Amino acid sequence: MNISLLDVVGPVMIGPSSSHTAGAAKLAKTARLIYDKPFKKVSFGLGGSFASTYRGHFTDFALVAGALGMSEDDENLGHSFEIANEKGVEFDFYPTEIPSVYENTARITFYGEDGEFFVEGASLGGGRILVTNINGLACELTATSPTVIVQQQDVKGVVSDVSTILAFNNINIGVMKVSRTSRGDKAFCVIECDDIIPENVIDELRQVNNVLSVVVVNIKGE
């Protein structure tokens, strides 16, 4: 068994809990990076133990902080409500049932000019997370390495074109997973890479035929 030092001592964070605070902040920040658009409101649907203990563990402050772009070790995490109010960002929390094998789950919904957009995921402990759904499409995203999220029409050749561009730019693919709502409809391609994705590569990916959007979460590998 491979055990990371982080599994033993936990991540660098503002406390009190690596799963309820650090994991919550990282999950919300990752959701914010995925949405990557202005928003005036964000709602947090809480499942599992998040729903019953979120106030005592500062999960609520952590989620708002992450949605505002703060990291789990940001000294302003405990002031996230105040900062959100200053920025004119509304937020609320509600209990919900989120199908998952994990205990600490959240559905984070952003309200922007183009409507609603949600990300579901779980805090796994030790500050680790797993994003399981992006706006209705199932996925598995750990946010531990640079990740490309491509929304596309489900037609032949798109995945091949995307992977070719990455290879041509000397970017190695670690994990690639594709999901779709139905045959010929929209699909998501989630690609975890070994290397940071530069802006020129992102621009190339956006020019691929039948690619609808490209979001890059440039998190350095652990």
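You'll find the structure just up there.
All figures in this text were calculated on a predicted structure; none of them were measured in a lab. (Residues numbered from 1 in each chain as written. Predicted model: local features only at pLDDT ≥ 70, side-chain atom pairs only at ≥ 80, totals over all residues. Heavy atoms only, no water.)

**Observations concerning the sheet that holds strand β4 (residues 115–125)**
Two pairing modes exist for strands in a sheet, parallel and antiparallel, and in both the strands are linked by backbone hydrogen bonds. The strand order across the open sheet built from six strands is β2-β1-β3-β4-β5-β6, with neighbouring strands paired in mixed fashion. Bordering the open sheet on either side are β2 (90–95) and β6 (137–141), each of which pairs with just one other strand. The sheet shows a mean angle of 20° between the axes of neighbouring strands, taken without regard to direction. Note: strand β1 (residues 41–48) against β2, six bridges, orientation parallel. When the bridges of β2 are listed, Leu46 appears paired with Pro95. (Pairing = 2+ DSSP bridges. Helix = DSSP H or I, 4+ residues; strand = E, 2+ residues; numbered from the N terminus. Axes fitted to C-alpha atoms, helices over the stretch in contact; angles between N-to-C directions.)

**Structural notes on the packing of aromatic side chains**
What describes a pair of aromatic rings is the distance from one ring centre to the other and the angle between the planes of the rings. Scanning the entire structure with this criterion turns up ten aromatic pairs. Centroid distance Tyr35 to Phe110: 5.2 Å. Interplanar angle 5°. Geometry classified as stacked. Pair noted here: Tyr35 is in helix α2 (residues 18–35) and Phe110 is in strand β3 (residues 104–112), with a separation of 75 residues, a long-range link. For Phe110, a relative accessible area of 0% gives the class buried. Where Phe39 meets Phe110, the ring centres are 4.9 Å apart and the plane angle is 70°; that geometry is what we call edge-to-face. You can see Phe39 sitting in the loop between α2 and β1 and its partner Phe110 sitting in strand β3, a full 71 residues away along the chain. As far as burial versus exposure is concerned, Phe39 and Phe110 are alike and both buried. Members of the aromatic cluster, connected to one another through ring pairs, are Phe44, Tyr54, Phe58, Phe61, Phe81, Phe91 and Phe93. The aromatic ring of Tyr111 is capped on one face by Lys41, whose charged end is 5.2 Å from the ring centroid. In this structure, Arg107 packs its charged tip against the face of Phe118, placed 3.6 Å from the ring centre. (Phe/Tyr/Trp six-rings, centres within 6.5 Å; stacked < 30°, edge-to-face > 60°. Buried < 20%, exposed > 50% of the residue type's maximum accessible area, 1.4 Å probe, protein only. Lys NZ or Arg CZ within 6 Å of the ring centre and 35° of its normal.)

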